[in-house]
Amino acid sequence: MRRLLSPFIARRILRHFSSHSEVVQEIDRLTVKSRNHLTPELSLHLITPQCPLWHSPGDECPFDDPFWAFYWPGGQALTRFLLDNSSVTKGHSVLDVGSGCAASAIAAVKSGAQHVTANDICPVAAVAINMNAKLNGTKLSISTDNFIGRPCQHWDVILLGDMFYDPKFADIVFEWLKQMSEQGKAIYIGDPGRLSFVSHPATQHLQRVASYELLDDCKQENNGLTQGSVWKFS
Ligand SMILES: C[S@@+](CC[C@H](N)C(=O)[O-])C[C@H]1O[C@@H](n2cnc3c(N)ncnc32)[C@H](O)[C@@H]1O
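In this text, all values refer to a predicted model and were calculated from it rather than measured experimentally. (Residues numbered from 1 in each chain as written. Predicted model: local features only at pLDDT ≥ 70, side-chain atom pairs only at ≥ 80, totals over all residues. Heavy atoms only, no water.)

Q: Describe the nonpolar core, and please don't skip the residues or the numbers.
A: Generally speaking, nonpolar side chains in soluble globular proteins are found buried as a group. Among the nonpolar cores identified, the biggest contains 35 residues, and Leu44, Phe81, Leu140, Tyr188 and Val230 are the most heavily contacted of them. Residue assignment for this core shows that the elements contributing at least two residues are strand E2 (44-46), helix H3 (73-84), helix H4 (103-110), strand E4 (115-119), helix H5 (123-135), strand E6 (157-161) and strand E8 (206-213). For this core, the element with the highest residue contribution is H4, accounting for five residues. Each residue touching Val230, except ones within four places of it in the same chain, is listed here: Ala77, Leu78, Phe81, Tyr188, Ile189, Gly190, Gln207, Arg208, Val209, Ala210 and Tyr212. With 23 residues, the next largest nonpolar core counts Leu95, Ala170, Phe197 and Phe233 among its residues. (Core = buried A, V, L, I, M, F, W, Y, C linked by side-chain atoms within 4.5 Å. Buried < 20%, exposed > 50% of the residue type's maximum accessible area, 1.4 Å probe, protein only. Helix = DSSP H or I, 4+ residues; strand = E, 2+ residues; numbered from the N terminus. Contact = heavy atoms within 4.5 Å.)

Now the structure itself:
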């Protein structure tokens, strides 16, 4: 577990950029601070249709797979739920796996969590998480470790926003979540009805605790998805 950016994360980023501050500058230059989502309480550095990069060919993007630059519909639903139900994270130690823009992790801090780790294996996401945490006046820990498949004794609440986009990965994540649930962790998942999620047999262990209609812009950007739901593993 690391606080902010470790030398290891910084070294991985520097393979592509000449300095850490260059990454910060590029994120600032290529994103806008957006509140056009289900949690307007939070301002997030995102690539939106207002950004030239949104309309450019993928090879013009200096970042590999910048998932952190989008606020995924499952993550929006999960974050809305956390902000409206502070008891879920208040006083707890929280791990947000696949944190991306870190909205759910930031919501957990704002809801009074004792400790929050935003976890994403992408080193540029780690920089964006740091920027978004600061933008929203919050402090959290950041880790780029892969915790999936590993014991997680430091945390009692696990969050996953929109992590079920691939059937094989869904198998791996659900197998791990089953073990985490048996160890007594509280697990909350945000998902907009992706096939890999809704068709998975493990969903019989889930209880839907909230559903939200997505904003019109989000519906348009996510072909056909209209709702985001939050599920508790129980
Ligand atoms: C679809 S995005 C969701 C981001 C965010 N939770 C949201 O809802 O806006 C998935 C994120 O998971 C991260 N990721 C993929 N595999 C991971 C793993 N094994 N551990 C941690 N993060 C992972 C990706 O880098 C990406 O940022």
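Q: Please provide a residue-by-residue account of the packing of helix H2 (residues 20-30) against H5, values included.
A: Relative placement of two packed helices is described by the angle separating their axes and the distance separating the axes. Interaxial distance between H2 and H5 falls to 10 Å at its minimum, and their mutual angle equals 70 degrees. It follows from the interaxial angle that H2 and H5 lie roughly perpendicular. Seen along the crossing, H2 lies across H5 with a hand that is right-handed. Of the residues in H5, those in contact with His20, Val23, Val24, Ile27 and Asp28 of H2 are Val124, Val127, Ala128 and Met131. (Axes fitted to C-alpha atoms, helices over the stretch in contact; angles between N-to-C directions. Parallel < 35°, antiparallel > 145°, perpendicular 65-115°, else oblique. Left-handed = near helix turned anticlockwise from the far one by under 90°.)

Q: Can you break down the environment of Pro66 residue by residue, with the values?
A: Positionally, Pro66 belongs in the loop between E2 and H3. Assessed through its relative accessible area of 15%, Pro66 is described here as buried. Put simply, Pro66 and Ile148 are 82 residues apart on the chain and 20 Å apart in space, counted from C-alpha to C-alpha.

Q: Please set out the packing of aromatic side chains residue by residue, giving values where relevant.
A: Where two aromatic rings form a pair, the distance of their centres and the angle of their planes describe that pair. According to the stated counting rule, one finds 11 aromatic pairs in the structure shown. Ring plane angle 55 degrees and centroid distance 6.0 Å describe the contact between Trp54 and Phe70, whose orientation is recorded as tilted. One end of the pair, Trp54, is in the loop between E2 and H3; the other, Phe70, is in the loop between E2 and H3, with 16 residues separating them in the sequence. Three or more aromatic residues joined by ring pairs form one cluster here, namely Phe67, Trp72, Tyr165 and Phe169. (Phe/Tyr/Trp six-rings, centres within 6.5 Å; stacked < 30°, edge-to-face > 60°.)

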